[in-house]
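# Coordinate analysis (summary)
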Amino acid sequence: MFKNFALIIILSYYTSIACYSQGRFAHEVAVVFGPAALQSDYSQKTTLSSNLDRLGFGIGISHFLNFSSNRNPLRETTYFKEHFKLQTSLSYTQFKLKHDSNYIDQNPEAENAKKLKAMYGSTRITNIGSQLVYQFKNIHDFENTINSFAPYVSLGFFINKYNVATKSTLNILDLRRAVYYKYLSPSDGRERGFTTENKITTSTAASIGTRYKLAPLQDLVLDVRFQYFHSDWVDGLNPNKQLYPENSKNDWLMWFNVGYIYYLQ
């Protein structure tokens with residue numbers, strides 16, 4: 001039900017873009033890129049070196065529907081037009097995953113530690129969706145002031161296609177001898193708590209960032225996106241939550257990105 005609702009919202013956003021594009025509204029395009037961190041079932045460490053070691057990378061393009069711009073300075077303005085924009089985005093992130101825990105460090109020769117250390121994976125995520133952006137500074141004021149900043153927050157929904165692979169360096173056909181016991185129990189409709197699959201899920205996203213007015217038709221942007229997936233299979237691991245409640249949280253990511261925005265006139 002929630003996935004259908006999110007799909008309806010996103011399709012409505014795209015329909016509104018098609019309608020508004022026929023009127024006198026301004027359009028902006030952006031290219032962004034930067035490092036991303038996926039919080040998953042792979043690692044329990046939270047040290048700086050551990051976090052840096054599992055960083056991924058993302059790149060994306062966005063379209064902004066600007067309801068109030070210098071293109072139409074004489075048209076009636078409202079609070080909504082002067083502070084809100086509709087952003088639609090297509091982005092791609094990828095991650096290489098491996099287990100990193102104190103248990104492995106403290107028990108390097110233990111059989112279970114070797115199984116965990118041998119397991120590794122990767123996931124590639126394509127995201128498409130929309131966010132409603134609230135800009136704290138008046139849009140006209142920002143557009144007319146070179147070298148100014150415009151902080152903002154946004155909230156929206158995404159449809160995500162993930163392609164995940166789960167592997168092991170142990171060349172053993174017997175799964176019970178090669179895979180950590182936690183991932184052998186059936187989980188969430190799968191035969192086991194690990195998978196290699198190519199599927200679609202949805203996510204809720206929130207962003208915080210700021211624009212910098214570089215020129216009349218050009219901005220720089222610094223953005224942090226928090227994205228919570230409505231699935232725990234995005235990383236390929238999902239131990240049975242009834243048996244292992246410590247793994248009950250879904251996967252989520254945080255993406256730091258910088259970019260360039262150009263105003264279409």
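Use the structure listed above.
Calculation rules
- Residues numbered from 1 in each chain as written.
- Predicted model: local features only at pLDDT ≥ 70, side-chain atom pairs only at ≥ 80, totals over all residues.
- Heavy atoms only, no water.
- Pairing = 2+ DSSP bridges.
- Helix = DSSP H or I, 4+ residues; strand = E, 2+ residues; numbered from the N terminus.
- Axes fitted to C-alpha atoms, helices over the stretch in contact; angles between N-to-C directions.
- Buried < 20%, exposed > 50% of the residue type's maximum accessible area, 1.4 Å probe, protein only.
- Polar contact = N/O pair within 3.5 Å; in protein donor to acceptor, adjacent residues only side chain to side chain.
- Phe/Tyr/Trp six-rings, centres within 6.5 Å; stacked < 30°, edge-to-face > 60°.
- Lys NZ or Arg CZ within 6 Å of the ring centre and 35° of its normal.
- Contact = heavy atoms within 4.5 Å.
- Core = buried A, V, L, I, M, F, W, Y, C linked by side-chain atoms within 4.5 Å.
- Salt bridge = Lys/Arg side-chain N within 4 Å of Asp/Glu carboxyl O.

Moving on, we come to the sheet that holds strand β3 (residues 84–98). Taking strand neighbours around the barrel as the criterion, the eight strands line up as β1-β2-β3-β4-β5-β6-β7-β8 in a closed arrangement whose pairing is antiparallel. When the angles between neighbouring strand axes are averaged without regard to direction, this sheet yields 20°. Pairing of strand β1 (residues 26–39) with strand β8 (residues 252–264), which is carried by eleven bridges, proceeds in the antiparallel orientation. Looking at the pairing, Q39 lines up with W252 of β8.

Glancing now at the environment of H230. Residue position: H230 is located in the loop between β7 (218–229) and β8. Taking relative accessible area as the criterion, H230 reaches 22% and is therefore assigned partly exposed. For the pair H230 and K249, spaced 19 residues apart in sequence, the C-alpha to C-alpha distance is 9.9 Å. At 2.7 Å, the side chain of H230 and the side chain of T202 are in polar contact. Within the structure, H230 has its side chain in polar contact with the side chain of T204 (distance 3.0 Å).

The next thing to look at is unusual backbone geometry. Apart from glycine, the bulk of residues carry a negative phi angle, and the bulk of peptide bonds sit in the trans form. Phi is positive for N147, close to 70°, though the residue is something other than glycine. When you line up the elements, N147 lands in the loop between α6 (139–143) and β5 (149–168). In this model, D188 sits at a positive phi of 50°, which is unusual for a non-glycine residue. As for its position among the elements, D188 is in the loop between α7 (175–178) and β6 (197–215).

What follows is about the packing of aromatic side chains. With the rule as written, the count across this model stands at nine aromatic pairs. Ring plane angle 80° and centroid distance 5.1 Å describe the contact between Y134 and F136, whose orientation is recorded as edge-to-face. With a relative accessible area of 47%, F136 lands in the partly exposed category. Grouping aromatic residues by their ring pairs yields a cluster made of F67, Y79, F80, F84, Y134 and F136. If you follow R211 out to its NZ or CZ, it ends over the ring of F64, 4.6 Å from the centre.

Note on placement: Y244 falls in the loop between β7 and β8. Spatially, the C-alpha atoms of Y244 and K182 are 7.7 Å apart, while their sequence positions differ by 62 residues. Among all residues touching Y244, those that are not within four sequence positions of it are Y181, K182, S185 and P239.

With respect to the element layout, H83 can be found in helix α3 (residues 79–83). When its relative accessible area of 9% is taken as the criterion, H83 is described as buried. Of note is the side chain of H83, whose polar atom sits 3.4 Å from the backbone oxygen of F136.

What follows is about the nonpolar core. The biggest cluster of nonpolar side chains holds 30 residues, and the ones touching the most others in it are F95, I125, V179, Y183 and L253. Contributions of two or more residues to this core are made by β1, β3, β4 (119–135), β5, β7 and β8. Residue contributions to this core peak at four residues, all from β1.

The next thing to look at is the environment of G189. Relative to the elements of secondary structure, G189 occurs in the loop between α7 and β6. Take G189: its relative accessible area is 84%, and that puts it in the exposed class. As for G189 and N240, which are separated by 51 residues in sequence, their C-alpha atoms are 10.0 Å apart.

We now examine the pattern of salt bridges. As a working rule, side chains carrying opposite charge can pair if their charged atoms are close by. Throughout the structure, instances matching the rule amount to ten salt bridges. K114 serves as the salt-bridge partner of E109, at 3.7 Å between the closest nitrogen and oxygen. Owing to a relative accessible area of 62%, E109 belongs among the exposed residues under this scheme. A network of salt bridges, in which partner residues are shared, links E28, K85, R211, K213 and D219.

Attention now goes to the pairing of β3. Bridge analysis of strand β2 (residues 55–66) against β3 gives ten bridges, and the strand direction is antiparallel. Residue pairing for β3: F64 is matched across the bridge by Q87. Across 15 bridges, β3 lies against β4 in antiparallel orientation. The residue bridging Y92 from the neighbouring strand is T126, located in β4.

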